[in-house]
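# Coordinate analysis (summary)
Given next are the chains, with one letter for each unit.
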Amino acid sequence: MTLPEILQKPLTLPVIASPLFLASGPELVHAQCQAGVIGAFPALNARPASLLSDWLDELQDKLAGNPNAAPFAVNQIVHRSNDRLEQDMQVIVDHKVPIVITSLGARPEINEAVHSYGGIVLHDVTTNRFAHKAIEKGADGLIAVAAGAGGHAGAQSPFALIREIRAWFDGPLALSGAITHGRSILAAQALGADFAYIGSAFLATKESNAPEPQKQLMLESTAEDIVYSNLFTGVHGNYLRGSIVASGLDPDNLGQSSPAAMSFGSDRKAKAWRDIWGSGQGIAMLTEQVTTQELVDRLKAEYDLAREEVVRLLAL
């Protein structure tokens, strides 16, 4: 299956930057697109809701001046507790956002609204069963969120998850999970993904809205400092151990929560991502705070070197 036209646009790297709750805004997304990777932010980051239209106007105006810029995406939490969903979808339709990333629920009417103006929908999935449901309900592509990804993450190996999906689905597919090195981007393609889906590496950039203590903690942490728990949102996710400790909790003795506790309404007061900081397992590769352009340049150099090494190996 040929990729949709919007995903055929030449990119610096085959990368979609994941929408980072609280941390992604117009500045970061603009920098990502200018650097040649697909940028994204959650609609819920625009607060109050009326700010979403302003953000999209600003972003589209800036990107219009660079025909070589990568496209951008807006993330919609489709969970029933998101009381802004319909309002935000109208703004997305009015602005003809090219790519919409849906999470925590697959609803045909959301897909139909995006298709009405020619946009495409990529849906987050953690299992092959959820992947089937997303495509059956009209999503155009999938984001396989494998073990090691930051924030809400699955528990399955990318080797298993990608192969199960590719056994029946030949459409757009991105892979998420501890991807912070150019070699890992190439590995995602070798597994069968079209794109690498990268979040944590962009959290620590200068354009990110993440608080400085969070950025610094990420630079000081490794995979051993990531805790997998469903306590904070009702859905399993990966979080920085240091932020859990700072909140007065024991990361080695966390309780369990119920999916029924999930809430993404406008009055939500959950600690996740504000005080309990999400992060993927690949953060040991992040050693200094850099600009988005510098990060993409580093990933590109690593990716190109890895490709050259693979060509040499295949020639033996």
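Description of the structure in this document. Not measured: the values here are computed from a predicted model.

Quick notes on the rules
- Residues numbered from 1 in each chain as written.
- Predicted model: local features only at pLDDT ≥ 70, side-chain atom pairs only at ≥ 80, totals over all residues.
- Heavy atoms only, no water.
- Buried < 20%, exposed > 50% of the residue type's maximum accessible area, 1.4 Å probe, protein only.
- Helix = DSSP H or I, 4+ residues; strand = E, 2+ residues; numbered from the N terminus.
- Pairing = 2+ DSSP bridges.
- Right-handed = clockwise from strand over helix to strand, strands pointing away.
- Phe/Tyr/Trp six-rings, centres within 6.5 Å; stacked < 30°, edge-to-face > 60°.
- Core = buried A, V, L, I, M, F, W, Y, C linked by side-chain atoms within 4.5 Å.
- Salt bridge = Lys/Arg side-chain N within 4 Å of Asp/Glu carboxyl O.

### What about the pairing of strand β5 (residues 120–125)?
- The element β5 is largely enclosed, with a buried count of five among its six residues.
- Sheet analysis places strand β4 (residues 99–103) next to β5, joined by four bridges and oriented parallel. Residue pairing across strands places isoleucine 101 opposite leucine 122, the latter belonging to β5.
- What joins β4 to β5 is helix α4 (residues 108–115), and the crossover it makes is right-handed.
- Relative to strand β6 (residues 141–145), β5 runs parallel, the two sharing four bridges.

### Focus on the packing of aromatic side chains
- What the rule picks out here adds up to three aromatic pairs.
- Taking 5.3 Å as the distance between ring centres and 80° as the angle between the ring planes, the aromatic pair formed by phenylalanine 41 and tryptophan 55 counts as edge-to-face. Separated by 14 residues along the polypeptide, phenylalanine 41 in strand β2 (residues 39–42) and tryptophan 55 in helix α2 (residues 51–64) bring together distant segments of the chain.
- With a centroid separation of 5.0 Å and an interplanar angle of 75°, the aromatic rings of phenylalanine 232 and tyrosine 239 are classed as edge-to-face.

### A look at the sheet that holds strand β7 (residues 151–152)
- Spatial strand order, β7-β11-β10: three strands in an open sheet with antiparallel pairing. Whereas interior strands pair on both sides, the edge strands pair on one side only; in this sheet they are β7 and β10 (226–229).

### Quick notes on the nonpolar core
- The biggest cluster of nonpolar side chains holds 73 residues, and the ones touching the most others in it are Phe72, Ile165, Ile185 and Ile198.
- Ranked by size, the runner-up nonpolar core spans 16 residues in total, among them Ala73, Ile99, Ile120 and Ile143.

### Some words on the pattern of salt bridges
- A complete count under the given rule lists 10 salt bridges for this structure.
- The closest approach of N and O atoms between glutamate 302 and arginine 298, which form a salt bridge, is 3.1 Å. In this pair, glutamate 302 and arginine 298 are both assigned in helix α11 (residues 292–315), four residues apart and thus about one turn of the helix distant.

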